[in-house]
Amino acid sequence: MHGKGLDWHKQGSASEDPLVVTQFGDLWVDLQGSIALADRAATKVAGLLDCFLDFDEALRGKATVDVAAAKIHASRTALSVTAKIFEPLGSRAAHNSNGFDRFWRDAWTHTLHDPLAYKVLEAGDFALNDRYTEVGSFS
């Protein structure tokens, strides 16, 4: 795990510690997945807007599935990152004066406003049955 000449016990800063670098790398990779899915969904939604009222059920359905996938991944990533961020930061980061715990609470609250279970149902129905969700309150 250690690179050439790397002695993590003698590093000058935490950003040089291979464990910390690895932990942040994992968080960064998860974030990149969310960004890619959000970009894909935004492209589909832009396509709907370009069509104005001439889009069909399939075009709308594909955009809905991509938006659902982005929502699912981003919600899970936000909850994961805001919980795991304490691992590389250490025990001092959990002190109330830092307020890092509020990011987890804020992420959790946002995921509850639009129930994730409905988005997972939409994605699963599309993946298994090639069926788009009907227009409704959670689509």
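The text that follows walks through the structure, step by step, so that each part is easy to find. (Residues numbered from 1 in each chain as written. Predicted model: local features only at pLDDT ≥ 70, side-chain atom pairs only at ≥ 80, totals over all residues. Heavy atoms only, no water.)

## Description of the overall build of the chain
What counts is decided by this rule: The numbering of helices and of strands both runs from the N terminus, where a helix is a DSSP run of H or I of at least 4 residues and a strand a run of E of at least 2. Remark: exposure states derive from per-residue accessible area (1.4 Å probe, protein chains only) relative to the maximum for the residue type, with buried under 20%, exposed over 50%, and partly exposed in between. Method for areas: the Shrake-Rupley scheme with a 1.4 Å probe, in which residue coverage is limited to the protein chains shown.
If you tally the helices and strands in the chain, you get five helices and zero strands. The order of helices and strands in the chain, counted from the N terminus, is α-α-α-α-α. In the chain, which comprises 139 residues, the proportion classed as buried is 24%. In the form shown here, the chain has an accessible surface area of approximately 9,700 Å², with 61% of it arising from carbon and sulfur atoms.

## Some thoughts on the packing of aromatic side chains
Threshold: When two rings of Phe, Tyr or Trp (its six-membered ring) have centres within 6.5 Å they constitute a pair, described as stacked for plane angles under 30 degrees, edge-to-face for angles over 60, and tilted for the intermediate range.
One pass over the full model with this rule turns up two aromatic pairs. Where Trp104 meets Trp108, the ring centres are 5.9 Å apart and the plane angle is 10°; that geometry is what we call stacked. Of the two residues, Trp104 and Trp108 both sit in helix α4 (residues 101-113), four residues apart, roughly one turn of that helix. Among the residues examined, Trp104 registers a relative accessible area of 35% and is labelled partly exposed. A relative accessible area of 40% means that Trp108 is categorised as partly exposed. Between Phe126 and Tyr132, the ring centres sit 5.5 Å apart and the planes meet at 20°, which makes this aromatic pair stacked. Phe126 sits in the partly exposed class, given a relative accessible area of 26%.

## What to know about the pattern of salt bridges
Put simply, the rule is: Salt bridges are counted wherever a side-chain nitrogen of Lys or Arg sits within 4 Å of a carboxyl oxygen of Asp or Glu.
Counted under the stated rule, the structure contains five salt bridges. One salt bridge connects Arg40 with Asp66, and the closest N-O pair in it is separated by 2.9 Å. Of the two residues, Arg40 is situated in helix α1 (residues 18-51) and Asp66 in helix α2 (residues 57-84); the sequence distance between them amounts to 26 residues. Judged by its relative accessible area of 44%, Arg40 is partly exposed. Looking at Asp66, the relative accessible area reads 5%, which means it is buried.

## Thoughts on the environment of Leu116
Note the following rule: Contact criterion: two residues are considered in contact whenever any of their non-hydrogen atoms come within 4.5 Å of each other.
Along the chain, Leu116 turns up in helix α5 (residues 116-129). Owing to a relative accessible area of 19%, Leu116 belongs among the buried residues under this scheme. Along the sequence, Leu116 and Ser75 sit 41 residues apart, while their C-alpha atoms lie 7.9 Å from each other. With residues up to four places along the chain from it excluded, the contact list for Leu116 reads Lys71, Ile72, Ser75, Arg76 and Thr111.

## As for a nonpolar patch on the surface
Our working rule: Like-charged residues are merged into a patch within 9 Å and nonpolar side chains (Val, Leu, Ile, Met, Phe, Trp, Tyr) within 5 Å, provided each residue has over 30% relative accessible area and no salt bridge.
Where nonpolar side chains cluster on the molecular surface, the patch consists of Trp28, Val29, Leu31 and Ile35 and spans about 390 Å² of accessible area. With respect to the element layout, Trp28 can be found in helix α1. A residue is classified by how much of its surface remains accessible, and Trp28, at 52% relative accessible area, is exposed.

## Quick notes on the packing of α1 against α2
Our working rule: Fitting a line to C-alpha atoms yields each axis, with helices limited to the stretch in contact; the angle taken between N-to-C directions then spans 0 to 180 degrees. Roughly parallel means an angle under 35 degrees; roughly antiparallel, over 145; roughly perpendicular, 65 to 115; everything else is oblique. Handedness of each helix crossing follows the sense of rotation of the near helix against the far helix: counterclockwise by less than a right angle gives left-handed, clockwise gives right-handed. Asp, Glu, Lys and Arg are counted as charged, while Ala, Val, Leu, Ile, Met, Phe, Trp, Tyr, Cys and Pro are counted as nonpolar; the rest, among them Gly, fall into the polar class.
At a closest axis distance of 8 Å, the pairing of α1 and α2 adopts a crossing angle of 155°. Comparing the axis directions of α1 and α2 gives the class roughly antiparallel. Regarding α1 and α2, the two cross each other, and that crossing is left-handed. Looking at side-chain class alone, the contact of α1 with α2 contains 15 nonpolar, five polar and seven charged residues.

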